[in-house]
Amino acid sequence: MPQKDGKRGQGAAPGDEVGQKFHCDNCQANVTDGVRISCSECAEFDLCPTCFSRGIELGSHKNDHSYRVVTRHRFPIFTEDWSADEELLLIDGLRQFGMGNWKDAAENVGTKTKEECEQHYLDVFVGSDSWPLPAMDREFENKLARPTSDKRSRSATPGKVKVLSSQPSNHEIVGYMPGRLEFEVEYENEADQVVKDMVITEDDTAEELDLKQIVLRIYNGKLDRRLYRKSFIFDRDLLEYRKNLAAEKRRPKDERDLLNKVKVFARMQTREDFDQFSQGMLNEHALRQRIRQLQEWRRNGITTLEDGAQYEVERSQRLSRRATTQRDSVHLLERLQKIAASRTIRDSASGAAAQKHGRKPASIVDIEAADGIELLSGPEKDLCSRLRIFPRPYLAAKEVLLAEYARVGSLKRRHACELVKIDSSKARWIYDFFVETGWIKPPVREDGDVPAVSIDGPMPVYLAALDTREQPVVKSEF
């Protein structure tokens, strides 16, 4: 997703990066200077080529969404100090915010001030001999645009917000009237009701005058508190909600959480002291993270920064693969559910016919070449072969059942069948197998006895009981 105004990537030092940055929404890799895949249906969703090739799905983003391949264009096309990306952002800003709105257009560009944007448009477009088109035949020796030498902050000369009228609907903060510097609902909004009908006359007694003076002092105290809160809002620029929200979103989640925790100290400090205090907390947080990272590298035998960078890349890839393994297993399991449901009826019918006519039971499946077979023990291979289940769906069901058992402490057979969502007879046999191996324990009855499992009871025909008779081995159809 795009991140402007110097959000640092992992491992970057403060102040090293300026301008708009892009990171992969899955692995957080910096894709600013490389190729990124931008989703056309999800707002501000970008993936690196590695995550895109794996078909990553996050939140509402699906791997079948339309997309576009985006690269950075840092070469100049009209002037040496404006890149192609900046030219596109300028035109897009003028189309979006209106011609002449240089302040918002400059914020859209991100690296130029409003004066630079206005002067550039006048020189390149208005002053062109082929108006309204700029000169398209210019050539430059430098392959990269030369950055502006005087990098002035966009907020150096803030402009006054212009509105049509002083109404609550004309400001991004609902209820604020910028022309009057007031809110539609003020702090202690009902305080005026107490004194609006108060009248001091010559006929008032001393007790009545004292009482009215006390009420006025209370009212003045409320006005002071109201003024203090409004001054705090104006001094900290809290009315610029969108700007503050955008700046907060550009920070990593851990930095946002830290800043939210220290906001309670803002009322006890001036703006400069609080900004210095917040920056000091962020610097301390960054140092602690860096120290923990270096300690982890040392524990793993890493002694150079190059090896550490390679270690971080490989670790992020491992975490990404681990996160997608379960999703891939679930997708495979869902894809095989329809096949398993249709084959259950056919196998039951063929098994009944085999018993009736004395034929051999259904053949077992050869899973020796299946994906994930190396993760199974001998009994598990035999069970999967006779149940006609491939290793990956079996491992997914195993992970779900053991996780639920670890969370609850016990697991019923009916609940296990509901969790794995495969053929109920296969789910029961997997459950009984886990009980026999001691991986899970069934719930204890009120009399203290543990219900016996039915692994020795009647078995579906296609299981043919885990006996020593030789069974013909066939290759799976799927």
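Our subject is the structure that appears above.
Notes on the structure follow. Since the model is a prediction, treat every value here as computed from it, not as a measurement. (Residues numbered from 1 in each chain as written. Predicted model: local features only at pLDDT ≥ 70, side-chain atom pairs only at ≥ 80, totals over all residues. Heavy atoms only, no water.)

1. Regarding the overall build of the protein
To be explicit about the condition: Secondary structure is summarised from DSSP: a helix means a run of H or I of at least four residues, a strand means a run of E of at least two, and numbering begins at the N terminus for each. Residue exposure (1.4 Å probe, protein chains only): buried if accessible area is under 20% of the type maximum, exposed if over 50%, otherwise partly exposed. The contact definition used throughout considers only heavy atoms, calling two residues in contact when any of these lie within 4.5 Å. The accessible surface values rely on the Shrake-Rupley method and a 1.4 Å probe; as for residues, cover is taken only from the protein chains in view.
A count of helices and strands for the protein gives 14 helices and nine strands. Within the span of the protein, comprising 478 residues, buried residues form 31% of the whole. Sequence-distant contacts in the protein: of pairs separated by 6 or more residues, those separated by 24 or more amount to 51%. If you sum the accessible surface of the protein, you get close to 31300 Å²; carbon and sulfur atoms cover 52% of it.

2. What to know about a positive patch on the surface
We apply this condition: Excluding any residue in a salt bridge, patches collect residues exceeding 30% relative accessible area, merging like charges within 9 Å and nonpolar Val, Leu, Ile, Met, Phe, Trp and Tyr side chains within 5 Å. When a carboxyl oxygen of Asp or Glu is within 4 Å of a side-chain nitrogen of Lys or Arg, the pair counts as a salt bridge. We treat Lys and Arg as the positive residues and Asp and Glu as the negative residues; His and chain ends play no part in the count. To locate a charge, the coordinates of NZ of Lys, CZ of Arg, CG of Asp or CD of Glu are taken.
A cluster of basic residues, Arg 54, Arg 318, Arg 321 and Arg 322, forms a positive patch on the protein surface. Mapped onto the fold, Arg 318 is located in helix H10 (residues 305-357).

3. Re the packing of helix H8 (residues 253-262) against helix H9 (residues 271-299)
For the record, the criterion: Only C-alpha atoms enter the line fits that serve as axes; for helices the fit covers just the stretch in contact. Angles between N-to-C directions range over 0 to 180 degrees. We call two directions roughly parallel when the angle between them is under 35 degrees, roughly antiparallel when it is over 145, roughly perpendicular when it lies between 65 and 115, and oblique otherwise. Left-handed describes a crossing whose near helix is turned anticlockwise from the far helix through less than a right angle; right-handed describes the clockwise counterpart. Here the term charged refers only to Asp, Glu, Lys and Arg, the term nonpolar to Ala, Val, Leu, Ile, Met, Phe, Trp, Tyr, Cys and Pro, and the term polar to all other amino acids, Gly among them.
Between H8 and H9, whose axes approach to 10 Å, the crossing angle comes to 140 degrees. Between H8 and H9, the angle is such that the two are oblique. Seen along the crossing, H8 lies across H9 with a hand that is right-handed. Residue-level inspection shows Asp 254, Glu 255, Leu 258, Leu 259 and Val 262 of H8 in contact with H9, the latter providing Phe 274, Phe 277, Ser 278, Met 281, Leu 282, His 285 and Gln 289. Of the residues belonging to the contact of H8 with H9, the class tally is seven nonpolar, three polar and two charged.

4. Topic: the sheet that holds strand E3 (residues 36-39)
Heads up, the condition is: When DSSP finds two or more bridges between two strands, those strands count as paired.
Here we have three strands laid out as an open sheet, ordered E4-E3-E5, and antiparallel in their pairing. Here the strands that pair on one side only, and so sit at the sheet edges, are strand E4 (46-47) and strand E5 (67-70). Sheet topology places E3 next to E5; four bridges connect them, and they run antiparallel. In the sheet register, Cys 39 faces E5, and the bridge partner there is Tyr 67.

5. Describing the packing of aromatic side chains
The description of two aromatic rings rests on the distance between their centres and on the angle between their planes. Our working rule: Classification of ring pairs rests on two measures: the distance between centres of Phe, Tyr or Trp rings, Trp counted by its six-membered ring, which must be within 6.5 Å, and the angle between planes, read as stacked under 30 degrees, edge-to-face over 60 and tilted in between. Note on geometry: a ring has a charge over it if NZ (lysine) or CZ (arginine) is within 6 Å of the ring centre and within 35 degrees of the ring normal.
Per the counting criterion, the structure on display carries nine aromatic pairs. Relative to Phe 125, the ring of Phe 78 has its centre 6.0 Å away and its plane inclined at 80 degrees; by these criteria the two rings are edge-to-face. Placement of Phe 78 in the loop between E5 and helix H2 (84-97) and of Phe 125 in helix H4 (residues 114-126) is noted, with a sequence separation of 47 residues between them. By relative accessible area, Phe 125 is classed as buried at 10%. Each member of the aromatic cluster is reached from another via a ring pair, and the members are Phe 78, Trp 102, Tyr 121 and Phe 125. Across from the ring centre of Tyr 187, 4.0 Å away, lies the NZ or CZ of Arg 229, which sits over that ring.

6. Brief notes about the packing of helix H3 (residues 102-109) against H4
When two helices pack together, you describe them by how their axes are tilted relative to each other and by the distance separating the axes. The interhelical angle for the contact between H3 and H4, taken along N-to-C directions, is 100 degrees, at an axis separation of 8 Å. Between H3 and H4, the interaxial angle falls into the category roughly perpendicular. Contact residues: Trp 102, Lys 103, Ala 106 and Val 109 in H3; Lys 114, Cys 117, Glu 118 and Tyr 121 in H4. Here the residues of the contact of H3 with H4 are counted per class, giving five nonpolar, no polar and three charged.

7. Digging into unusual backbone geometry
The phi angle at Glu 44 is positive, at roughly 50 degrees, despite the residue not being glycine. Counting through the fold element by element, Glu 44 comes out in the loop between E3 and E4. For Arg 388, which is not glycine, the phi dihedral falls at a positive 60 degrees. When you line up the elements, Arg 388 lands in the loop between helix H11 (378-387) and helix H12 (391-408). What makes Arg 388 buried here is its relative accessible area of 17%.

8. Re the environment of Val 195
Here Val 195 lies in helix H5 (residues 192-195). Along the backbone, Val 195 and Leu 216 are 21 residues apart, and their C-alpha atoms lie at a distance of 7.4 Å. Those residues in contact with Val 195 that sit more than four places away from it in its chain are Val 215, Leu 216 and Tyr 219.

9. Details of helix H13 (residues 413-420)
It helps to recall that an α-helix has 3.6 residues per turn; residues three or four apart then point in one direction. Condition: Summarising the geometry, the arc corresponds to the directions from the helix axis toward the C-beta atoms.
Among all positions of H13, only Ala 416, Cys 417 and Val 420 are buried. Around the axis of H13, the buried residues are gathered within 100 degrees of arc, so they sit on the same side. Away from the buried face of H13 by more than 90 degrees, exposed residues Arg 414 and Glu 418 are located. One or two steps after H13, the chain reaches Lys 421, where phi turns positive at roughly 55 degrees.

10. Considerations on the nonpolar core
How we decide: To form a nonpolar core, buried Ala, Val, Leu, Ile, Met, Phe, Trp, Tyr and Cys residues must be joined to one another through side-chain atoms within 4.5 Å.
Within the largest apolar cluster, 26 residues are counted, with the highest numbers of intra-cluster contacts made by Tyr 394, Leu 401, Leu 411, Ile 430, Phe 434 and Ile 440. Elements with a minimum of two residues in this core: H11, H12, H13 and helix H14 (424-437). Setting aside residues no more than four positions away along its own chain, Leu 401 makes contact with Leu 411, Ala 416, Leu 419, Val 420, Ile 430 and Phe 434. Residues Leu 94, Trp 102, Val 109 and Phe 125 belong to the second largest nonpolar core, which totals twelve residues.

11. Overview of the pattern of salt bridges
Evaluation of the coordinates by the stated rule reveals 17 salt bridges. Of the charged contacts, one joins Glu 107 and Lys 103 as a salt bridge, the two residues approaching to 3.1 Å between their closest N and O atoms. With Glu 107 and Lys 103 both in helix H3 and four residues apart, this pair spans about one turn of that helix. Among the residues examined, Glu 107 registers a relative accessible area of 36% and is labelled partly exposed. Between Arg 386 and Asp 382 there is a salt bridge, and its shortest N-O distance comes to 3.0 Å. One end of the pair is Arg 386 and the other is Asp 382, both in helix H11 and four residues apart, which spans about a single turn. Among the residues examined, Arg 386 registers a relative accessible area of 8% and is labelled buried. Taking the relative accessible area as the measure of exposure, Asp 382 reaches 34% and is therefore partly exposed. One salt-bridge network, in which partners are shared between bridges, spans Glu 296, Glu 312 and Arg 315.

Nothing here speaks to function; it is geometry throughout.
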